[in-house]
Amino acid sequence: MEKWFVAAKKADFNVWAARFHISPVTARILRNRDLTDEAEVEKFLQGTLVDCHSPWLLKDMEKAVEEICAAMEEGLSIRVIGDYDVDGICSSYILTKALQSLGAKVDTAIPHRIHDGYGLNDNLIEEARRDGIGMIVTCDNGIAASSQIALANSYGIRVIVTDHHEVPFVMEQDGRDGAALQAVKESGADGADVTTVPCGSYEGDRKDTVGGTKKECTTDKGCAAAPLLRRELLPPALAVIDPKQERCRYPFPNICGGVVAYKLALALAERTQSAVLREAMEELLEFAALSTVCDVMELKGENRILVKEGLKRLNATRNPGIRALTEVNGIEPGKLSAYHLGFVLGPCLNATGRLDTAKRALELLQSRTKAEAMSAARKLKELNDSRKNLTLQGVEQAEKAILEQHMERDKVMVVYLPEVHESLAGIIAGRIREHYNHPVFLLTRGEEGVKGSGRSIEGYHMYEAMTEVKHYFTKFGGHAMAAGLSMREEDIPSFRQELNGKCRLQDADFIPKVHIDVPMPLDYADERLADELMLLEPFGVGNPKPLFAQKDLIFKSGYKMGANKTCARYRVETPGGAEKQLVFFGDLEGFGNFLDEKFGSGSDAALYAGRGNYRISVVYQLGKNTYKGRTEVQYVMQYYS
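Residues numbered from 1 in each chain as written. Predicted model: local features only at pLDDT ≥ 70, side-chain atom pairs only at ≥ 80, totals over all residues. Heavy atoms only, no water.

Novice: Let's hear about the overall build of the protein: which residues, and what values?
Specialist: The number of helices and strands found in the protein is 21 helices and 23 strands. Rg of the C-alpha trace for the protein: 26 Å, near the compact-globule value of 26 Å for 641 residues, within the 12% margin. Each of the 641 residues in the protein was classed as buried or not, and the buried ones make up 52%. In the protein, once contacts between residues fewer than 6 apart in sequence are set aside, the share between residues at least 24 apart is 67%. Looking at the protein as shown, the accessible area adds up to about 28,800 Å², and 48% of this sits on carbon and sulfur atoms. (Helix = DSSP H or I, 4+ residues; strand = E, 2+ residues; numbered from the N terminus. Rg over C-alpha atoms; globule rule 2.2 N^0.38 Å. Buried < 20%, exposed > 50% of the residue type's maximum accessible area, 1.4 Å probe, protein only. Contact = heavy atoms within 4.5 Å. Areas by Shrake-Rupley, 256 points an atom, 1.4 Å probe, with all protein chains shown as cover.)

Novice: Any details on the sheet that holds strand β3 (residues 105–109)? Residues and values, ideally.
Specialist: If you trace the five strands from one edge of the open sheet to the other, you get β3-β2-β4-β5-β11, paired in parallel fashion. The strands lining the two open edges of the sheet, one partner per strand, are β3 and β11 (239–241). Within this sheet the neighbouring strands show an average axis-to-axis angle of 20°, counted without direction. (Pairing = 2+ DSSP bridges. Axes fitted to C-alpha atoms, helices over the stretch in contact; angles between N-to-C directions.)

Novice: Please set out the sheet that holds strand β16 (residues 482–487) residue by residue, giving values where relevant.
Specialist: Taken in spatial order, the five strands make up an open sheet running β12-β13-β14-β16-β15, and their pairing is mixed. Looking along the sheet, the strands with just one partner apiece sit at the ends: β12 (413–416) and β15 (473–478). Taking the axes of each pair of neighbouring strands and ignoring which way they run, one obtains an average angle of 15° across the sheet. Sheet analysis places strand β14 (residues 449–455) next to β16, joined by six bridges and oriented antiparallel. Bridging from a neighbouring strand, Gly452 pairs with Leu485 of β16. Contacts from helix α18 (residues 492–502) reach β12, β13 (440–446), β14, β15 and β16, with the element oriented near 165° to β12.

Novice: Break down the environment of Leu383 for me, citing the residues and quoting the values.
Specialist: With respect to the helices and strands, Leu383 occurs in helix α15 (residues 370–404). A relative accessible area of 11% places Leu383 in the buried class. Residues Leu383 and Ala11, 372 residues apart in the sequence, show an inter-C-alpha distance of 49 Å.

Novice: Break down the nonpolar core for me, citing the residues and quoting the values.
Specialist: Ranked by size, the top nonpolar core spans 81 residues in total, and within it Leu264, Leu284, Leu290 and Leu349 carry the most contacts. The leading source of residues in this core is helix α10 (residues 275–294), at eleven residues. Among all residues touching Leu290, those that are not within four sequence positions of it are Val86, Cys90, Ile322, Leu341 and Leu349. By size, the runner-up hydrophobic cluster in this structure holds 43 residues, among which are Ala530, Leu553, Leu595 and Tyr640. (Core = buried A, V, L, I, M, F, W, Y, C linked by side-chain atoms within 4.5 Å.)

Novice: If you had to explain the pattern of salt bridges to someone new, which residues and values would you point to?
Specialist: Summed over all chains, the structure comprises 32 salt bridges. Put simply, Lys59 and Asp60 hold a salt bridge, and the shortest N to O gap is 3.5 Å. Of the residues examined, Asp60 reaches a relative accessible area of 17% and is grouped as buried. For Arg313, the salt bridge goes to Glu309, with nearest N and O atoms at 3.0 Å. With Arg313 and Glu309 both in helix α11 (residues 301–314) and four residues apart, the pair spans about one turn of that helix. Residue Glu309 is classed as buried on the basis of its relative accessible area of 9%. Here the salt bridges share partners, and the residues they tie into one network are Lys9, Asp34, Glu298 and Lys300. (Salt bridge = Lys/Arg side-chain N within 4 Å of Asp/Glu carboxyl O.)

Novice: Any chance you could break down the environment of Glu332 for me, citing the residues and the numbers?
Specialist: For Glu332, the position within the fold is in the loop between α12 (320–328) and α13 (338–355). When its relative accessible area of 52% is taken as the criterion, Glu332 is described as exposed. Put simply, Glu332 and Leu380 are 48 residues apart on the chain and 19 Å apart in space, counted from C-alpha to C-alpha.

Novice: So, the packing of helix α4 (residues 61–73) against helix α9 (residues 257–272): which residues are in play, and what are the values?
Specialist: It is the contact of α4 with α9, at a shortest axis distance of 10 Å, that shows an interaxial angle of 65°. For the element pair α4 and α9, the recorded crossing hand is right-handed. Counted together, Met61, Glu62, Ala64, Val65, Glu66, Ile68 and Cys69 of α4 and Lys263, Leu264, Ala267, Leu268, Arg271 and Thr272 of α9 form the full contact between these two elements. Tallied by class, the residues present in the contact of α4 with α9 amount to eight nonpolar, one polar and four charged. (Left-handed = near helix turned anticlockwise from the far one by under 90°. Nonpolar A, V, L, I, M, F, W, Y, C, P; charged D, E, K, R; others polar.)

Novice: Describe the packing of helix α5 (residues 86–101) against α10, and please don't skip the residues or the numbers.
Specialist: In contact at an axis separation of 9 Å, α5 and α10 are set at 175° when each is read in the N-to-C sense. The pairing of α5 with α10 is recorded here as roughly antiparallel in orientation. Where α5 approaches α10, its residues Val86, Asp87, Cys90, Ser91, Tyr93, Ile94, Lys97, Ala98 and Ser101 are matched on the opposing element by Val276, Leu277, Ala280, Glu283, Leu284, Phe287, Ala288, Leu290, Ser291 and Cys294. Split into classes, the residues belonging to the contact of α5 with α10 amount to 13 nonpolar, three polar and three charged. (Parallel < 35°, antiparallel > 145°, perpendicular 65-115°, else oblique.)

Novice: I'd like a rundown of the packing of aromatic side chains, residues and numbers included.
Specialist: Taken as a whole and assessed by the stated rule, the structure comprises 20 aromatic pairs. Ring centres 5.6 Å apart and planes at 75° place the aromatic pair Phe441 and Phe495 in the edge-to-face group. Placement of the pair is Phe441 in strand β13 and Phe495 in helix α18, with a sequence separation of 54 residues. Taking the relative accessible area as the measure of exposure, Phe441 reaches 0% and is therefore buried. With relative accessibility at 0%, the residue Phe495 sits in the buried group. Ring-pair connections join several aromatic residues into one group, and the members of that group are Phe169, Phe441, Tyr463, Tyr472, Phe473, Phe476 and Phe495. Between Arg129 and the ring centre of Tyr155, over which it is positioned, the NZ or CZ distance is 5.1 Å. If you follow Arg230 out to its NZ or CZ, it ends over the ring of Phe169, 3.9 Å from the centre. (Phe/Tyr/Trp six-rings, centres within 6.5 Å; stacked < 30°, edge-to-face > 60°. Lys NZ or Arg CZ within 6 Å of the ring centre and 35° of its normal.)

Novice: Describe the pairing of strand β17 (residues 513–516), naming the residues involved and giving the relevant values.
Specialist: With burial as the criterion, only one face of β17 is covered, namely that bearing Val514 and Ile516; the residues Lys513 and His515 on the opposite face remain uncovered. Of the strand pairs in this sheet, strand β1 (residues 3–6) and β17 are connected by four bridges, and their pairing is parallel. By the bridge assignment, Trp4 is partnered in β17 with Val514.

The values reported here are purely geometric and, on their own, carry no functional implication.
Now the structure itself:
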């Protein structure tokens, strides 16, 4: 079961409520989103594109704009090379459209997931050489492609990297003393991140900057004299735009590849003063928003503003591809939400890169007529429906393997399913992570060895953990919560053993945490508050839909709903004597087992027969639901105890 926590962050909620004309409940929720002063609250509630950061704050932006403008003046052919997921597809669309708006000779290449793998590879560079490409601009990849970019350089192909992934690095012992290295750190030279922790009190041990592991000191002078030096391995491109670089001073580094591409397009629009590109920026914002949601970025700071503003434009989009994809999925015009981006449109765009080629998704976005767009959209939906079925089968196989190999004892689960389509590894890993609340690597057999994807939990930085065992990988990359890799099949057992041996997670880290915003009786959760909570949208990672808690509800009766009876509505009585309707979209079988275990065998059946009298505490969400033209307040149970 989950462990419930009530947020206890302090602020003068009444002052915030009066200042912004909101309730103290909403003020408390805002504080729980780590807002600390009125300026931050005002930006959260009323922020616009003006409040977003300047693209020129990104390291190498000036250089990238200069090089791209020079390439266009010389008439060079430019190739945008993206990735096969939603972020990569949208990034490719953004940069290609921006360069087309400026009159550049530009085309797009997206790697094939199976034949090419992630990001740049030698084949893509060789193709660019054969096609007479003079400049490559990457998006959502390239930060780890040093050898491929060096190959491009050798052919005289200019390369600009735009990415948002973690920068590869090595940890090195340095001969300089602590004072000298501290000076390096303060200057930012060499991209160094230096830790100078004296080790005398640790009996010859010191803490490494990666993951907190201890290693034996190699000098009798102490670690202040011989600290570890973290050295970034930047690719040899003309310009590298990636907010994760240590020397990049961009104030909000947690942006996706689509937003990095959008920022480059914005800088090009400002530098060239192109009216065509300035007009196109409205549409490009739509794809920056779609990228942000689908790449699971936190909806904080400018990410939230970009998604909020992007959704406004998406709901009135003129892009035939988006309009068609919305229509074939039965989304009501003007009702597109962040949920639809992440769980309806995004998976359709992703499916083509998983089971076919991501070029289909790019072609959809670039469609010029409704007929062309509808044909492409129907194909993407069919692929996504197929992907759903294959995913269910893969999850079942993974669950079986975990039980057979007693992997539930592992801190980090490494599941090898050689027959599962490698494109589904990330989705399946995510489902297993949700079930067990453990970091998960799902490995499959690819054309050239084993490929896999990882999904992590809070407190386990997956990319840094992988860096500690990088000798197992032929290729890897990612960030704190997700990663991809290639490795040899014979190394899987050793990889699993060493990865778990180095893992510092404790038992408490595997208990799911439920963060309750406000303990609040259902009697107080009225229509006015439900309307007010809409001010906090869009909801997503980093800005979840608020959670409230109510003790001692009496469950009286229940009714299963839906074509497959997979959700239910319960009649409950509050401690104040009022009757309410509570909806549950979760695991009905699990809730039934809970009732039978807590109140005795047959309690589940009795509840649906209208004979319930069960006192249960719940965590719920408040919203509004419209059905057949009638709108009412809706209480949705999320957790129970």
